[in-house]
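Secondary and tertiary structure notes
Listed below are the residues making up each chain.
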Amino acid sequence: MFHDDIRYLLTMDKLWKTRKPPVPLDLSQLHNAGEGSSNGVYALKDQRPWSIQECVHVFRESVGSLSQDYKSSGYLTWDKDDKPAMDFVTATANIRASIFSIEQKSKFDVKSMAGNIIPAIATTNAIIAGQIVLEGMKILREDWSKCTMSILQRRPTNRRKLIVPSPLEKPRESCYACADRPEVTVTLNTETMTVGGFEERVLKKHLGMVAPDVEIEDGKGTIILSSEEGETTQNNDKSLSHFGVSNHTRLKCDDFLQEYELVVNILHSTKLSESRENPVEFTVSGSAAPAPAPAPAPVPTASATETSKTLSEVSSSNSLTPRKRNREEIEIEDNDDLIVL
């Protein structure tokens, strides 16, 4: 592969008329082991190209390790995270590259190509994974005050920091993701919005549910949408108003797969944008809709007030101590209209 095969290729004269011919590897030139590139850019061995001497040394060691693995298991499998396998591929590729005057690559570069890895993404994932582990250790210790939210910046800050921690924010009652009893208000036209459209566009696409069940909070437990296949399919083309959903109707939505419950407050509106270019079918806000104002209490009339006051005086006048009643009290007691009141 490094000598005999190269000498055979050199016999094909037409191949080397316009390109530089390969040079067979001569082991006599490998007595003095080199150190590879040492221009100060590469800090780790895996991040600098190896010298040919190093490649030959690693090649021999990896072949010996792989031979032992084959004898013990009877087969070999490729894994970019297996050191002998990765060393073998890196050393072999670099020796062949040197023979054909091709630029050599570091083990890090070879691993990226062999494992189809994008180094920037792999590095970012490793950093985030490490941060998750550190925060997880705080949670296991129940050290809640030290838990932080870390943000990985695209570029270093003015203080030369890539990872910027920030304190955790307390759950907001208006947030339908972190509130204890999440509620949202959905404004839509209940006469045109169908049950199927409400499921697909509002619950699944906008609110992120997977398999929602929807029940109307009307005291009857009316279910208009079920996650069981085929159970409420007949409702999909019917409008919400067909089931009595109107202004300030409350819908209890339960996603069993995510163990998530949400109350949707419906606001009926016919004034949503119907523009063909920017149609607005519904709007969602992360808080409960204000309840309709209660009807004002009837203002008592003057005659009713006076009558109530008179009855109160009559009641207070009835005591265990006998006394003489005046003429006005006798007239009030004998008045049938007042007795009815």
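Located above this text is the structure these notes cover.
Only a predicted model underlies this, so the values are computations on that prediction, with no experimental measurement involved.

Moving on, we come to unusual backbone geometry. Of note in the backbone geometry, Glu-142 takes a positive phi value of approximately 55° without being a glycine. As for its position among the elements, Glu-142 is in the loop between helix H5 (119-140) and strand S1 (148-152). Exposure remark for Glu-142: the relative accessible area of 57% places this residue in the exposed category. Non-glycine residue Glu-259 carries a positive phi angle of around 50°.

Interhelical geometry of helix H3 (residues 83-99) versus helix H4 (residues 107-114) gives an angle of 105° and a closest axis separation of 10 Å. For the element pair H3 / H4, the angle class is roughly perpendicular. Along its contact with H3, which presents Lys-83, Met-86, Asp-87, Val-89 and Thr-90, the element H4 presents Lys-107, Val-110, Lys-111 and Ala-114. Looking at the contact of H3 with H4 residue by residue, the class counts come to four nonpolar, one polar and four charged.

Consider a sheet: its strands pair through backbone hydrogen bonds, and that pairing is either parallel or antiparallel. Strand order in the open sheet made by the six strands is S5-S4-S6-S7-S3-S8, with mixed pairing throughout. Two strands lie at the open edges of the sheet, namely strand S5 (222-225) and strand S8 (282-285), each paired on one side alone. On average, adjacent strands in this sheet sit at an angle of 30° to one another, irrespective of strand direction. Across six bridges, strand S6 (residues 250-255) lies against strand S7 (residues 260-268) in antiparallel orientation. Residue pairing in the sheet places Leu-251 in a bridge with Val-264 of S7.

Rules and cut-offs
- Residues numbered from 1 in each chain as written.
- Predicted model: local features only at pLDDT ≥ 70, side-chain atom pairs only at ≥ 80, totals over all residues.
- Heavy atoms only, no water.
- Helix = DSSP H or I, 4+ residues; strand = E, 2+ residues; numbered from the N terminus.
- Buried < 20%, exposed > 50% of the residue type's maximum accessible area, 1.4 Å probe, protein only.
- Axes fitted to C-alpha atoms, helices over the stretch in contact; angles between N-to-C directions.
- Parallel < 35°, antiparallel > 145°, perpendicular 65-115°, else oblique.
- Contact = heavy atoms within 4.5 Å.
- Nonpolar A, V, L, I, M, F, W, Y, C, P; charged D, E, K, R; others polar.
- Pairing = 2+ DSSP bridges.

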